[in-house]
Structures are given as structure tokens and as C-alpha cells.
Amino acid sequence: MDPSPVQQMDSSSTEISSFGSNTPANPNSMVGSPSGSSSSVSPSTTLSRYENQKRRDWNTFGQYLRNHRPPLSLPRCSGAHVLEFLRYLDQFGKTKVHTQLCPFFGHPNPPAPCPCPLRQAWGSLDALIGRLRAAYEENGGKPETNPFGARAVRLYLREVRDSQSKARGISYEKKKRKRPSQQQPPQPSPPPNPI
């Protein structure tokens, strides 16, 4: 059995930081990891947590492409390769997703352990795709060829959301935006009743 692509990494790998330039990568960089970032930013510039995570995710995806068999260049990457990457990441998931045969299927707080698989949570995958979609365009990719915005990726995320919602008994309803309260003019109070 072939080892997975990211497990084949060595310290001589390079990151894909744009559509043509290569710089050294940090092999400890993993999706969702709070530590291990490769920094090409000057020490005086501090990036937001989002920007740091986006850079780590981009480096990890670049490592995945390089270690893919056969190796892939970023311009040749498609939505199918993004789906392959998301399925690969499932092995590192920490979210229990109950199978339909499990007695805890649909229970948000199961009372006992079960042998159901651990997967990446839908929210984590959705956020990851959002960051990678932005990073692709920031690194020279055209929005119309962005593999992270492919229809197949959107459908996969919807399928994951729906299946995890049922399996875990959790509703993933969109959060409603709070609209600024409009101040209504005060209503004139009725005249007091004369006695």
C-alpha cells in the first residue's frame, strides 16, 4: 500500500507561494495546526491569525500537490484534485460522525463511546476551502479557473454538511444577521381618561 502523499514529505520540499516562484517550505505545517508556519514576512509585519492560517493551508496544499503521484502543478489542479485533498484530510479529523447503523445516529451528545469514524468537521472544511480559494487568487490564479470554487467542491461540502447534520443531530442553519434596530418615532400616548 502506498503511503499517503503528505507522509512522503521531506525537508527539501518547497512551497508554492505563487504561480511561478518557489521558496523553502516548512514541513511541519499542517492544516488547522496553530504552530509551524513558514514566514517570508518581515518581523515588523504581524499577520492576522486568519492570514497565518491561510498561508499554512496554502503551503500544505502545495506540499500535497508536489507529493501527489504523479506530481501536479498548480495550474493543472482541478476541482477533482481538491476533493481528493479533502478526502485525504479526513484521516486527521477529530469529529465523530455516526453511521446509520450506530445506535447514536442523530444524537448530538451520545451517552457512550462507539466505533464510528472520526472525520473533519464540515465547518472546518468549509473554512479551509474559503481560505484556499482566497489564497489561490492572491497568488496569481484567475477567479474563473479557481479549483476551490468548482461546482463539485461546493456540492461535496453541501453533502458533507447534510450528512454530518443528520449523523450528529446538529442543525447547520445559517446564522441570521442582526440588522441594526431602526428607531421608530415614539407613538403619541393616548390622552388620560378624565374622571
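Residues numbered from 1 in each chain as written. Predicted model: local features only at pLDDT ≥ 70, side-chain atom pairs only at ≥ 80, totals over all residues. Heavy atoms only, no water.

S.K.: Requested: an account of helix H1 (residues 49-67), with residues and values cited.
M.R.: Between its terminal C-alpha atoms H1 stretches 27 Å, which fits the 27 Å expected from 19 residues at 1.5 Å a residue. A large share of H1 lies buried, amounting to 15 of its 19 residues. (Helix = DSSP H or I, 4+ residues; strand = E, 2+ residues; numbered from the N terminus. Expected span 1.5 Å × (residues − 1). Buried < 20%, exposed > 50% of the residue type's maximum accessible area, 1.4 Å probe, protein only.)

S.K.: For the state of the cysteines, give the residues involved together with the corresponding values.
M.R.: Counted according to the given criterion, the structure contains zero disulfides. No disulfide involves cysteine 114; its nearest neighbouring cysteine sulfur is the one of cysteine 116, lying 3.7 Å away. The cysteine cysteine 116 is free of any disulfide, with cysteine 102 supplying the nearest cysteine sulfur at 3.6 Å. (Disulfide = S-S within 2.5 Å.)

S.K.: I'd like a description of the packing of H1 against helix H3 (residues 122-138), backed by residues and values.
M.R.: Interaxial distance between H1 and H3 falls to 9 Å at its minimum, and their mutual angle equals 80 degrees. With respect to their mutual orientation, H1 and H3 come out roughly perpendicular. For the pair H1 and H3, the contacting residues are Tyr50, Glu51, Gln53, Lys54, Asp57, Trp58 and Phe61 in the first and Leu128, Gly130, Arg131, Leu132, Ala134, Ala135, Tyr136 and Glu138 in the second. Its residues assigned to classes, the contact of H1 with H3 comprises eight nonpolar, two polar and five charged. (Axes fitted to C-alpha atoms, helices over the stretch in contact; angles between N-to-C directions. Parallel < 35°, antiparallel > 145°, perpendicular 65-115°, else oblique. Contact = heavy atoms within 4.5 Å. Nonpolar A, V, L, I, M, F, W, Y, C, P; charged D, E, K, R; others polar.)

S.K.: I'd like a description of the nonpolar core, backed by residues and values.
M.R.: Counting 25 residues, the largest nonpolar core has Phe61, Val82, Phe85 and Phe148 as its most contacted members. Those elements that provide at least two residues to this core are H1, helix H2 (79-89), H3 and helix H4 (151-168). For phenylalanine 61, the contacting residues outside a window of four places in its chain are Leu74, Cys77, Val82, Phe85, Leu132 and Phe148. (Core = buried A, V, L, I, M, F, W, Y, C linked by side-chain atoms within 4.5 Å.)

S.K.: For the environment of phenylalanine 85, give the residues involved together with the corresponding values.
M.R.: Here phenylalanine 85 shows up in helix H2. Taking the C-alpha atoms as reference points, phenylalanine 85 and histidine 68, separated by 17 residues in sequence, lie 9.8 Å from one another.

S.K.: Quick rundown of the pattern of salt bridges? Include the residues and the values.
M.R.: Side-chain pairs of opposite charge can arise whenever the charged atoms involved come near each other. In the structure shown here, the tally under the stated rule is four salt bridges. For aspartate 162, the salt bridge goes to arginine 161, with nearest N and O atoms at 3.3 Å. A relative accessible area of 26% places arginine 161 in the partly exposed class. Beyond isolated ion pairs, a larger network of salt bridges with shared partners links Glu51, Lys54 and Glu138. (Salt bridge = Lys/Arg side-chain N within 4 Å of Asp/Glu carboxyl O.)

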